[in-house]
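These are the residues of each chain, in order.
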Amino acid sequence: MHLLNTQRKSNWKAALLGATIIGGFPVGVLAQEAASDAASVETVVVTGFKKSYMDAVRAKRNNIEISDGIASDGLGRFPDLNVGEALQRVPGVQINREAEGRNATINVRGMPGSYAQTTINGIAFASPPSLANDQGTPLGAFNSDIFSAFVIQKSPMANAPSGGLSGNVDMQIAGALSRQEGGLFKASYEYNEVGGTTAPAFTVGYNKRLAENLAVFGTVAYRKENFRRDTLRFNGYSRLTPSLTGLTQSQFAATYGDYYSATACPSSGSFCRTLNDAVGATTGQNFNTATTGSKGNTGVYALDAIRQYTRTNEGDLWTASGGAEWRPNDNTKLGIVGYYTDRDLPKTTQHFLINAVWSGAGTMTPSGTPVQTSDGRWLYETVTHNNFPAKISTRQYGQHQKAGGVVANAEWSDETWKIDGVLALSKGENSSIETELNLQTNSVTGGTNGVSGTITTGFGDIDRFNYTVTPTPANRLFTTGWVWQGASNAINANASDPAGYLQPGGVYYFSLSGSESLAEETVNSAQVNVERFVKFGPVTSVKGGVMLLKNSFKSRGFRNMGYGLQMQNITADMVYTPSFVDDFMGGKANITRNWITFDAERFISAVKPVTPYTPSGGGLTTAGFNIQYADGAFADYNYNTENTVSQAYIQFKYDTEILGRRVHGNFGTRYESTENTIDSYDVITPFTNSVGSLANFKWQQIENSYDFWLPSAIFAAELRDDLILRGAYYKTYVRPQPRQYSPVTRITPSQVLNATLSTPTTSVYDVSVRIGNNKLKPYLADSYDLSLEWYNRPGGVISLAYFKKVITGRVVGTSDPAILCPADGSTWGFGPLSWDGQYCTATSLSSAAKVVHVNSSGAYNLDSDTTVEGLEFNIQQNLDFLPGFWKNFGGSFNYAYTDSKSPAIAPFPGISKHAMNAIVFYETPKYGIRAIYNYRTDYPLNANGTYTGAARSVKERGQLDLSASYNVTDRFSISLDAYNVTDEMRYEYENDERFVRWIDYDGRTITLTARATF
């Protein structure tokens, strides 16, 4: 007899496929077996909130494993703007709102998205590869209407795919025989408050029984994407110096000396800086006075760079699924499910206004009185910049995500055996094609370019923010006179900027650049599972399986340069004042309206086709421009990796009694062996100029191998009829995300002046090396779960869960001088290197008046453990036991506490200690309304990218969403959903909230939807 009796099966299947009028809610299911077992469901039960919650509670109670999830309402609808938004309702799941373009990536139990394994019907597949660090599968690349449920499997067992260190996220497509015959149609209209954009969507699907034991289904979903995000980026804060303020040494000491130390500072561990160091005092000079250091020793800071930024996202998302299922007899089942998604946003455009001051390029004059922040530094709220480089940047930023595959399965079973096989073929692609147009008014040495601006940051209070820039406009587009700066010329004898063009005099600058990023992944697998039902003491079945999997990943990257543009074709009207300056951030930010932008499509069309730059090899990027081979966008991201994985597992199920109470579960182990091959386009000779050449690279191959035993066990003890204790242990591993840890070594030989370390007598220059990460191993984790669940009444549950994960070999940046500063740096092109305990110096490139520092970086597997642990509390109740009006209420509340402990050299980013959701609904047979409030506390970020600055944290944030629905008939309903009703923004800061670094504004979104069945 099958382990799950008929009653239990019907309970959890109803929860999986059950629907709600407003939307789906957390559903506990058997994540690994749901897709196959759900095929025996004969009808889809359409219910409201209350029944949905009761089914969810019933499923959670009957499930052995620890899991949560959400289900479709059977009419092609999930309850939120996208899947990521919906999944954040599950305890321990948070959406990454720093991800742009509504990619809807999530963190599970606080850990980065790449720590979770995403599957379709329990099988590993190729999703569109993430192009950003640690963000994991972009769930926004799929229209959720093709799926039946999403399950977060928090304690995956031996028969589940490995890789889910934080858990497995299973995207489930129900089989054809499990679907109710008939069709569905849904049409919706989305309104976005930011920019007043609108976007239609529709879904159509039909399920047909060709015979009692044969069925087919198909679903096609389309959604227009048309939305905008507005952002203020406070790119950095500089500690003031004479060079930055335009003051003499004596003037600076008299004005700011009270904030700098009069005595020597500790070698590390503080922001302290002496006044004499700040002013660049030479031997014998002393600028200290009686009041030096009287107010502080950290120096005084002011904002040195700001970016006004808006991103418009335009395109289409087409997603489809289909399948067939056949039961030739009571023992046999054959099925196939296919899916395809294509999210194409070719008109995504980024508009920047970038104003910055750095040493030798403009001056900073603070006003008002500085305040001391919590990290001890002193900070000005208002600063005036003069003679600074004023820049506009318009970037065509086409995004294209695709994925498709098939999952075919065959199953045979009787009372003693169950044998099944699965064949899965899938491919995912992701591309980001950026063409960047920049127009800049340069600063003038010994004079002024006439540009000035005053910024009041508001210390993070958007109502106090203010920014003005003069003159209007601050930038000019000339139609003639541009000279390419990639080689020495009459305007610039030291030209080494292959992206740039200058006007005579050197004040007016134009450049064309942009990075292109492309990734492609295929995952093909074949698996056979055999289960034998037995009665051997407490053991009820023995299950084993083998699987072969091949994962291939191809990465490509390019950087445009400006050589060969048809600049004679440009016209003055190719720049204009954009309409978004009138409603930027809904008028909440008092930005400068002195902002012009490019008509990018016209400009790019006019300057092409380009003349190939033959000295470099003459290659063109996807966008049709010359490749800058010496740039990291090429040097980092041209490689292939392939993993051939052999897997086998054995798992025992048991069911017994201890002290008169039922205890059941399973235990087993999984073995995986991986052969890894990397083909990388490595730099083999140093670049001789800033363009580089294809001849500097050569394909090289590296082979790695590793294997792991991955044990697991779980139990569910029924302490009372209404009280269940569950516990689980499993071991798994995660391969380093390919795009995050490139195997290619990149060398940037350009010597950049380091004004902070330079003195009047010695100039310090920086060069950089990014060491290829081709020897990284997967990181492992031992996971422990314990959950106590009290089913206090029908349809209600109160639960408390504890989890702990001990991660070994987490990949972090190395600090080993032997790796970062080898004695022989000739392979990098810098000759002998020396390490003085703080800096790596290229000795042959240095002299008494000039020092060249080599700044290198690389990653390695951390040799110390990282521990992540937490608590998850959940209460879910329907109030149907109350009289009259009150019986229509219900809801849930969940809270998650997560903490991490890691070595000080490698803090764990992305974890909010506290996160919670509160859901309240009121429902009658005719209509329903729902309110959801989501909240998470602050959390740290990695400091990556060209304009993100120092390590940052995201400020705490809450959001209120509302839904309402009305059943016009049994087959037709309408609903209205409002997201971010409280109009929240997203803030980042550096150590102290007054050091504001980033403010995102998405505004409110409203969706009107009509749905019908036929």
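Residues numbered from 1 in each chain as written. Predicted model: local features only at pLDDT ≥ 70, side-chain atom pairs only at ≥ 80, totals over all residues. Heavy atoms only, no water.

*Asks:* How should the overall build of the chain be read in this particular structure?
*Replies:* Secondary structure summary: the chain contains 10 helices and 53 strands in total. Its C-alpha atoms give the chain a radius of gyration of 30 Å, near enough to 31 Å, the size a compact globule of 1014 residues would have. In terms of principal-axis extent, the alpha carbons of the chain reach across some 90 × 65 × 60 Å. Looking at the chain as a whole, 59% of its 1014 residues qualify as buried. Carbon and sulfur atoms make up 55% of the accessible area of the chain, which totals about 38100 Å². Taking the average place of the 85 positive charges on the side chains of the chain and the average place of its 91 negative ones, the gap between the two points comes to 2 Å. (Helix = DSSP H or I, 4+ residues; strand = E, 2+ residues; numbered from the N terminus. Rg over C-alpha atoms; globule rule 2.2 N^0.38 Å. Buried < 20%, exposed > 50% of the residue type's maximum accessible area, 1.4 Å probe, protein only. Areas by Shrake-Rupley, 256 points an atom, 1.4 Å probe, with all protein chains shown as cover. Lys, Arg positive; Asp, Glu negative; His and termini not counted. Charge placed at Lys NZ, Arg CZ, Asp CG, Glu CD.)

*Asks:* In this structure, what is going on with helix α6 (residues 249–256)? I would like to understand it.
*Replies:* In an α-helix, one turn spans 3.6 residues, which is why side chains three or four residues apart end up on the same side. Three or more residues of α6 are buried, namely F252, A253 and Y256. Relative to the axis of α6, the buried residues are bounded by an arc of 100° and lie together on one face. Each element contacted by the buried residues of α6 is listed here: α5 (242–245), α7 (275–279), β11 (300–329) and β14 (363–367). (Arc of directions from axis to C-beta. Contact = heavy atoms within 4.5 Å.)

*Asks:* Help me understand the packing of aromatic side chains in this model?
*Replies:* Applying the stated criterion to the full structure yields 50 aromatic pairs. Considering the side-chain rings of F142 and F147, the 6.0 Å spacing of their centres and the 65° angle between planes classify their relative orientation as edge-to-face. This pair shows no difference in class: F142 is buried, exactly as F147 is. Centre to centre, the rings of F580 and W595 are 5.0 Å apart; their planes meet at 70°, and the pair counts as edge-to-face. Taken together, the positions of F580 in the loop between β27 (575–576) and β28 (597–598) and W595 in the loop between β27 and β28 put the pair 15 residues apart, joining distant regions of the chain. With relative accessibility at 0%, the residue W595 sits in the buried group. Cluster of aromatic residues (ring-pair linked, three or more members): F478, W482, Y501, Y508, F510, F598 and F603. R476 extends its terminal NZ or CZ atom over the ring of Y508, reaching a point 5.8 Å from the ring centre. The cationic tip of R936 hangs over the ring face of Y939; the distance from NZ or CZ to the ring centre is 3.8 Å. (Phe/Tyr/Trp six-rings, centres within 6.5 Å; stacked < 30°, edge-to-face > 60°. Lys NZ or Arg CZ within 6 Å of the ring centre and 35° of its normal.)

*Asks:* Is there a simple way to think about helix α8 (residues 600–607) in this case?
*Replies:* Within α8, burial applies to A600, F603, I604, A606 and V607. Projected down its long axis, α8 carries its buried residues within an arc of 160°, all on one side. Pointing more than 90 degrees away from the buried face of α8 are the exposed residues E601 and S605. Packed against the buried residues of α8 are β18 (390–413), β19 (417–441), β24 (508–513) and β28.

*Asks:* Please explain the environment of T198 as it appears in this structure.
*Replies:* Secondary-structure assignment places T198 in strand β9 (residues 197–211). You can call T198 partly exposed: its relative accessible area is 30%. When the C-alpha positions of T198 and N226 are compared, they lie 6.4 Å apart, and in sequence the two are 28 residues distant. When residues no more than four places from it in sequence are discounted, the contact partners of T198 are Y189, E190, Y191 and N226. Within polar-contact distance, the side chain of T198 engages the side chain of Y189 at 3.1 Å. (Polar contact = N/O pair within 3.5 Å; in protein donor to acceptor, adjacent residues only side chain to side chain.)

*Asks:* What should I look at first to understand unusual backbone geometry in this one?
*Replies:* Trans peptide bonds make up the majority, and among non-glycine residues the majority have a negative phi. For the bond running from T470 to P471, omega is -5°, close enough to zero to count as cis. The phi dihedral of R102 falls on the positive side, at around 50°, and the residue is not glycine. With respect to the secondary-structure elements, R102 resides in the loop between β2 (93–95) and β3 (106–108). By relative accessible area, R102 is classed as partly exposed at 23%. Unusually for a residue other than glycine, N991 sits at a positive phi of about 70°.

*Asks:* How do you make sense of the side chain of S541 when you look at a structure like this?
*Replies:* The residue S541 is located in strand β26 (residues 539–561) in this model. Of the polar contacts made by the side chain of S541, one reaches the side chain of E531; its length is 2.8 Å.

*Asks:* It is not clear to me how the pairing of strand β45 (residues 914–923) should be interpreted in this structure. Could you clarify?
*Replies:* Working note: regular strand, side chains alternate between the two faces of the sheet. Counting buried positions along β45 yields seven of 10 residues, so the element is predominantly enclosed. Across nine bridges, the pairing between strand β44 (residues 889–901) and β45 is antiparallel. For A896, the partnering residue across the bridge sits in β45 and is A915. As paired elements, β45 and strand β46 (residues 927–936) share nine bridges and run antiparallel to each other. If you follow M916 over to β46, its bridge partner there is Y935. (Pairing = 2+ DSSP bridges.)

*Asks:* So what exactly am I meant to see when it comes to the nonpolar core here?
*Replies:* Grouped burial of nonpolar side chains is what soluble globular proteins tend to show. Among the nonpolar cores identified, the biggest contains 77 residues, and L232, F465 and F510 are the most heavily contacted of them. Setting aside its immediate chain neighbours within four residues, F465 contacts L232, F234, I306, I455, T456, T457, G458, A589, N590 and I591. Core analysis: the second largest hydrophobic core is formed by 29 residues, L87, M171, A176 and Y339 among them. (Core = buried A, V, L, I, M, F, W, Y, C linked by side-chain atoms within 4.5 Å.)

*Asks:* What is the right way to read the state of the cysteines from this model?
*Replies:* Working definition of a disulfide: a covalent bond connecting the sulfur atoms of two cysteines. Tallied over the entire structure, the rule returns two disulfides. Disulfide pairing places C265 opposite C272 at an S-S distance of 1.9 Å. When the S-S torsion is -60°, as for the bridge of C265 with C272, the disulfide is left-handed. The exposure class of C272 is buried, given its relative accessible area of 15%. Between the sulfur atoms of C821 and its disulfide partner C840 the distance amounts to 2.1 Å. Its S-S torsion of about 80° marks the bond between C821 and C840 as right-handed, since a negative value means left-handed. Here C840 lies in strand β40 (residues 840–842) and C821 lies in the loop between α10 (817–820) and β39 (833–835), a separation of 19 residues in the sequence. Side by side, C821 and C840 carry an identical accessibility label, which is buried. (Disulfide = S-S within 2.5 Å.)

*Asks:* Is there a simple way to think about the sheet that holds β14 in this case?
*Replies:* Across a sheet, paired strands are connected by hydrogen bonds in the backbone, their directions being either parallel or antiparallel. If you trace the four strands from one edge of the open sheet to the other, you get β14-β17-β20-β21, paired in antiparallel fashion. Since the sheet does not close on itself, it has two edges, and those belong to β14 and β21 (466–470), each with one partner. Sheet twist, expressed as the average angle between the axes of neighbouring strands with direction ignored, equals 15°. Two elements, strand β17 (residues 382–386) and strand β20 (residues 452–456), share five bridges in a ladder whose sense is antiparallel. What sits directly across from T384, in β20, is T454. (Axes fitted to C-alpha atoms, helices over the stretch in contact; angles between N-to-C directions.)

*Asks:* I would appreciate a short explanation of the side chain of Q485 in the present structure.
*Replies:* Counting through the fold element by element, Q485 comes out in strand β22 (residues 483–485). At 3.2 Å, the side chain of Q485 and the side chain of N492 are in polar contact. Look past the residues within four positions of Q485 in its chain and what remains in contact with it is N492, A495, S496, D497, P498, G500, Y501 and L502.

*Asks:* Can you walk me through the environment of S525 in this structure?
*Replies:* Along the chain, the position of S525 falls in strand β25 (residues 515–536). Residue classification places S525 among the buried residues on the basis of a relative accessible area of 5%. Taking C-alpha positions, S525 is 6.4 Å from K550, a pair spaced 25 residues apart along the chain. With residues up to four places along the chain from it excluded, the contact list for S525 reads I123, V422, L423, A424, M547, L548 and L549.

*Asks:* Quick question: what am I supposed to make of the pattern of salt bridges here?
*Replies:* Two side chains that carry opposite charge are able to pair once their charged atoms sit near each other. In this structure the tally under the stated criterion is 51 salt bridges. In this structure, the salt-bridge partner of E85 is R97, at a minimum N-O distance of 2.9 Å. Of this pair, E85 sits in helix α4 (residues 83–87) while R97 sits in the loop between β2 and β3, and the two are 12 residues apart along the sequence. The same class applies to E85 as to R97, namely buried. Measuring nitrogen to oxygen at the nearest pair gives 3.9 Å for the salt bridge that ties E520 to K427. Of this pair, E520 sits in strand β25 while K427 sits in strand β19; the two residues are 93 residues apart in sequence, bridging distant segments of the chain. On the accessibility criterion, E520 (24% relative accessible area) is partly exposed. Taken together, the salt bridges that share partners define one network made up of E98, R229, R952, R986, E988, D1000 and D1002. (Salt bridge = Lys/Arg side-chain N within 4 Å of Asp/Glu carboxyl O.)

*Asks:* I tried to follow the pairing of strand β35 (residues 763–770) on my own but got confused; where do I start?
*Replies:* Across five bridges, strand β34 (residues 746–753) lies against β35 in antiparallel orientation. Within the sheet, the bridge partner assigned to V752 lies in β35 and is D766. Strand direction decides the pairing type here: β35 and strand β41 (residues 850–857), joined by eight bridges, are parallel. Looking across to β41, one finds that V769 is bridged to S856.

*Asks:* Help me out: how do you make sense of a nonpolar patch on the surface in this one?
*Replies:* On the surface, F185, V204, Y206, V220, W318 and F1014 cluster together into a nonpolar patch covering about 550 Å² of accessible area. You can call W318 partly exposed: its relative accessible area is 42%. (Patch = residues over 30% accessible without salt bridge, like charges linked within 9 Å, V, L, I, M, F, W, Y side chains within 5 Å.)

The values are spatial; any link to function lies outside them.
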